[in-house]
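Architecture at a glance
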Amino acid sequence: MIPYPFPALVGQEDLQLSLLLNAVSPAIGGVLVRGEKGTAKSTAVRALTALLPPVEVVAGCRFSCDPASPDPGCPDGPHAVGAGTGETRPARMVELPVGASEDRLVGALDIERALSEGVKAFEPGLLADAHRGILYVDEVNLLHDHLVDLLLDAAAMGSSYVEREGVSVRHAARFLLVGTMNPEEGELRPQLLDRFGLTVEVAASREPEQRVEVVRRRLAHDDDPEAFAARWADEEQRLRERIAAARALLPRVRLGDAALRQIAATCAAFEVDGMRADLVMARTATALAAWAGRDQVEQADVRQAALLALPHRRRRNPFDAPGLDEEMLDRTLEEHAPQEDEGPEPPDGGPGDGPDGGPGDGPEGGPGGGGGVPPQDAPSQSGQAPRDEGGPADRPSLPEQAGPAAQEPSGTGTGAQAPAAPQPAAPTGEPFKARALTVPGLGEGAAGRRSRARTAHGRTTGARRPQGALGKLHLAATVQAAAPHQQARGRRGSGLVVRRDDLREAVREGREGNLVLFVVDASGSMAARQRMSAVKGAVLSLLLDAYQRRDKVGMVTFRRGDAEVTLPPTSSVDAAAARLETLPTGGRTPLAAGLLRAREVLRVERLRDPARRALLVTVTDGRATGGPEPLVRARQAAGLLAADGVASVVVDCEQGHVRLGLARELAQYLGGEAVTLDELRADAVTALVRRTTGAQDARIAGRAA
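1. Some thoughts on helix H19 (residues 630–643)
Spanning 14 residues, H19 covers 20 Å between terminal C-alpha atoms, matching the ideal 20 Å at 1.5 Å per step. Listed in full, the buried residues belonging to H19 are Pro630, Ala634, Ala637, Ala638, Leu641 and Ala642. For H19, the buried positions fall inside an angular range of 145 degrees around the axis, keeping them on one side. More than 90 degrees from the buried face of H19, the exposed residues found are Gln636 and Ala643. Positive backbone phi, at 80 degrees, marks Gly645, one or two positions downstream of H19.

Spelled out as structure tokens, the structure:
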């Protein structure tokens with residue numbers, strides 16, 4: 001299949017620039033592309049592969065060693081140095097699927113050869129395949145955290161270390177790392193965000209003419225890919241030559257003390273943690289100068305580098321939106337700009353062998369004509385260009401304008417619609433560290449950090465025959481199962497005769513992520529502003545806890561005689577926080593409707609993801625006033641949820657000196673535990689978790705009896 005040409009993409013200048021800078025200098029550390037679906041994220045990455053220069057590799061080496069400088073520790077080595085040992089092939093793009101195992105990523109012992117030939121051999125993984133090419137991870141936010149850690153460690157060190165099953169291997173793994181993600185499906189942890197060199201925010205254009213051009217080009221490519229690619233062949237060739245020229249110039253680019261001071265001052269002003277941001281900014285600014293054909297870093301390079309390297313590093317809380325205050329950035333750069341006596345900086349630190357020259361010593365000095373580094377005011381809001389299909393409309397060089405400014409999330413744009421709320425939404429109280437609520441028993445859901453489960457990763461607790469596809473092989477148990485039959489099978493030589501029935505897979509116990517479904521009472525009895533503010537603060541705290549434990553979350557609210565699904569189950573807890581912020585209140589309390597709607601949501605989710613267990617968190621004072629016999633119907637609905645085996649916790653929001661205890665009665669009908677807002681705090685966790693787990697276990701045991 002002929003890929004879509006890189007210069008034919010429309011409207012994603014910052015995305016293109018970030019990819020090209022990493023092609024020039026892979027030491028930048030890769031690109032994380034964030035954006036909604038259908039914005040050409042994957043198309044841009046695949047198109048970049050065609051621009052990379054071909055690589056010369058040692059013939060027959062599975063690790064793509066360079067014949068001119070082979071890796072001395074290559075598992076396939078040692079390799080001879082000199083002419084006649086290499087072959088040329090195109091640069092590769094290796095895709096890491098979301099469901100990949102650790103063995104597939106880093107490699108492992110070649111089990112087949114170990115058992116049949118009795119030799120210890122290493123089977124390379126995707127990191128070896130990606131060496132000297134591109135490693136592309138679509139939906140990187142859905143990848144298991146331990147795989148993301150391994151991936152980013154290899155990208156940072158330029159090598160992969162494998163220590164497992166008696167295998168000790170180190171091999172080179174230098175690649176251009178590109179990850180794409182849709183924030184609506186959940187965020188990466190801030191610690192992992194920091195490991196990506198640059199980040200780009202993309203969105204579909206709202207300009208009709210640009211959208212028309214996107215569709216026109218896409219249809220033309222689909223109708224005749226060869227003819228469409230031929231139209232852009234010259235532009236692609238010019239980009240290839242420019243990448244090669246920038247790579248050659250890069251070692252000669254000077255990063256003066258004035259630029260270094262601006263970089264350090266910018267990172268300090270925006271309070272980014274650690275020193276990785278300073279290093280990434282320095283490498284990015286240097287690559288920007290090389291891309292522009294200059295041998296000196298200028299202030300415009302530092303500004304552009306900040307807009308690409310810092311927004312995601314300021315995200316400390318999962319509900320923070322990545323972004324950068326450009327006015328503050330400009331003030332910081334001006335305050336630390338070189339003075340008249342700028343010392344060692346050359347007075348004519350010009351464009352080197354850039355296309356058009358230019359003065360190059362002011363904030364807007366830079367290459368002209370052929371287009372190079374965008375000027376100081378080129379990047380859009382937060383350094384990203386939320387356009388559409390990504391790329392210049394009529395030339396391969398990056399245009400001087402990055403397009404309309406991105407719209408930063410305000411925190412309320414995705415809120416629940418409330419056209420006629422009886423009163424303004426109460427503010428959200430201060431969140432706190434919430435105690436751990438768990439689902440009892442042993443599950444088999446997706447890896448996470450909440451409840452006990454059998455998972456693909458964790459401590460090994462035993463072995464079993466494979467159930468379906470073979471999971472992680474338990475080598476000792478397999479050998480033990482095969483050993484008694486060797487004589488009967490006529491074993492000869494050192495190899496072990498193994499049959500399929502001998503195979504055993506490891507049984508491991510770790511933690512799983514759950515579906516935490518919030519059922520929030522938004523009726524008039526909860527509408528007192530101080531009270532609802534405290535309730536929102538508690539729910540926000542539980543959402544933060546769900547984010548840290550890698551859960552899915554959903555929200556059902558009930559008020560005014562009915563219940564609605566405010567947020568369908570999702571991995572995006574910040575979407576839930578936005579809906580919570582604008583939650584309207586008022587009216588009667590249809591508690592039964594809320595519980596029944598929650599039951600329906602759980603039923604549908606059970607069909608979609610049977611392995612993911614649910615935790616129902618009902619936030620209410622227990623009153624029921626909507627419909628006929630509201631309290632009786634609420635208890636009946638609670639009984640149905642208990643019969644379904646749903647683990648439940650009721651957050652008792654009742655206040656005042658006279659309390660009816662209705663929330664605690666509701667918890668009894670649900671077969672769960674009632675906790676007050678104060679008891680949700682982590683300092684009250686230990687005794688309460690024991691009681692919650694004990695009550696659920698007793699209920700399960702009672703049904704079994």
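Now that the structure is up, let's keep going.
2. Description of the sheet that holds strand E17 (residues 614–620)
Taken together, the 6 strands give an open sheet; going across it, the order is E16-E15-E14-E17-E18-E19, and neighbouring strands pair in mixed fashion. This sheet does not close on itself; its edge strands, each paired only once, are strand E16 (562–570) and strand E19 (673–676). Neighbouring strand axes in the sheet, compared pairwise and without regard to direction, differ in orientation by 20 degrees on average. In this sheet, E16 lies alongside strand E15 (residues 552–559) in antiparallel orientation, the contact comprising 6 bridges. Counterpart to Met555 in the pairing with E16 is Leu567. Packed on one face of the sheet, helix H20 (residues 662–670) meets E17, strand E18 (647–652) and E19 and runs near 180 degrees to E18.

3. Quick word on the packing of helix H1 (residues 13–24) against helix H10 (residues 233–249)
Helix-helix packing: each pair is described by the crossing angle between the helix axes and the interaxial distance. Axis separation between H1 and H10 bottoms out at 9 Å; the angle between their running directions is 50 degrees. Judged by the angle between their axes, H1 and H10 are oblique. Along this stretch, H1 crosses H10, giving a crossing that reads as right-handed. Here Leu20, Ala23 and Val24 of H1 come into contact with H10, specifically with Leu239, Ile243, Ala246 and Arg247. Broken down by class, the residue content of the contact of H1 with H10 amounts to 6 nonpolar, no polar and 1 charged.

4. Structural notes on the environment of His336
Its place among the elements puts His336 in the loop between helix H14 (326–335) and strand E12 (447–464). Taking the C-alpha atoms as reference points, His336 and Gln262, separated by 74 residues in sequence, lie 5.6 Å from one another. Not counting residues up to four positions away in its chain, the partners in contact with His336 are Ala258, Gln262 and Ala265. Among the polar contacts made by the side chain of His336, one reaches the main-chain carbonyl oxygen of Thr332 at a distance of 3.1 Å.

5. Things to note about the pairing of E15
Most of E15 is tucked away: 8 of the 8 residues are buried. Burial along E15 is two-sided: the face carrying Lys552, Gly554, Val556 and Phe558 and the face carrying Val553, Met555, Thr557 and Arg559 are both buried. Bridge count between strand E14 (residues 515–521) and E15: 7 bridges; the pairing is parallel. Of the residues in E15, the one forming a bridge with Leu515 is Lys552.

6. Some thoughts on the environment of Leu21
Tracing the sequence through the fold places Leu21 in helix H1. Residue classification places Leu21 among the buried residues on the basis of a relative accessible area of 0%. Counting along the chain gives 266 residues from Leu21 to Ala287, while the straight-line C-alpha distance between them is 5.9 Å. In this structure, Leu21 is in contact with Ile28, Thr284, Ala287, Leu288, Trp291 and Leu308, ignoring residues within four places of it in sequence.

7. Considering the pattern of salt bridges
By the definition in use, this model includes 34 salt bridges. Arg489 is the salt-bridge partner of Asp502, the closest N and O atoms lying 2.5 Å from each other. Here the residue Asp502 occupies a position in the loop between helix H15 (475–482) and strand E13 (505–512), and Arg489 occupies one in the loop between H15 and E13, the gap between them amounting to 13 residues. Given the relative accessible area of 4%, Asp502 is considered buried.

Thresholds, definitions, all that
- Residues numbered from 1 in each chain as written.
- Predicted model: local features only at pLDDT ≥ 70, side-chain atom pairs only at ≥ 80, totals over all residues.
- Heavy atoms only, no water.
- Helix = DSSP H or I, 4+ residues; strand = E, 2+ residues; numbered from the N terminus.
- Expected span 1.5 Å × (residues − 1).
- Buried < 20%, exposed > 50% of the residue type's maximum accessible area, 1.4 Å probe, protein only.
- Arc of directions from axis to C-beta.
- Pairing = 2+ DSSP bridges.
- Axes fitted to C-alpha atoms, helices over the stretch in contact; angles between N-to-C directions.
- Contact = heavy atoms within 4.5 Å.
- Parallel < 35°, antiparallel > 145°, perpendicular 65-115°, else oblique.
- Left-handed = near helix turned anticlockwise from the far one by under 90°.
- Nonpolar A, V, L, I, M, F, W, Y, C, P; charged D, E, K, R; others polar.
- Polar contact = N/O pair within 3.5 Å; in protein donor to acceptor, adjacent residues only side chain to side chain.
- Salt bridge = Lys/Arg side-chain N within 4 Å of Asp/Glu carboxyl O.

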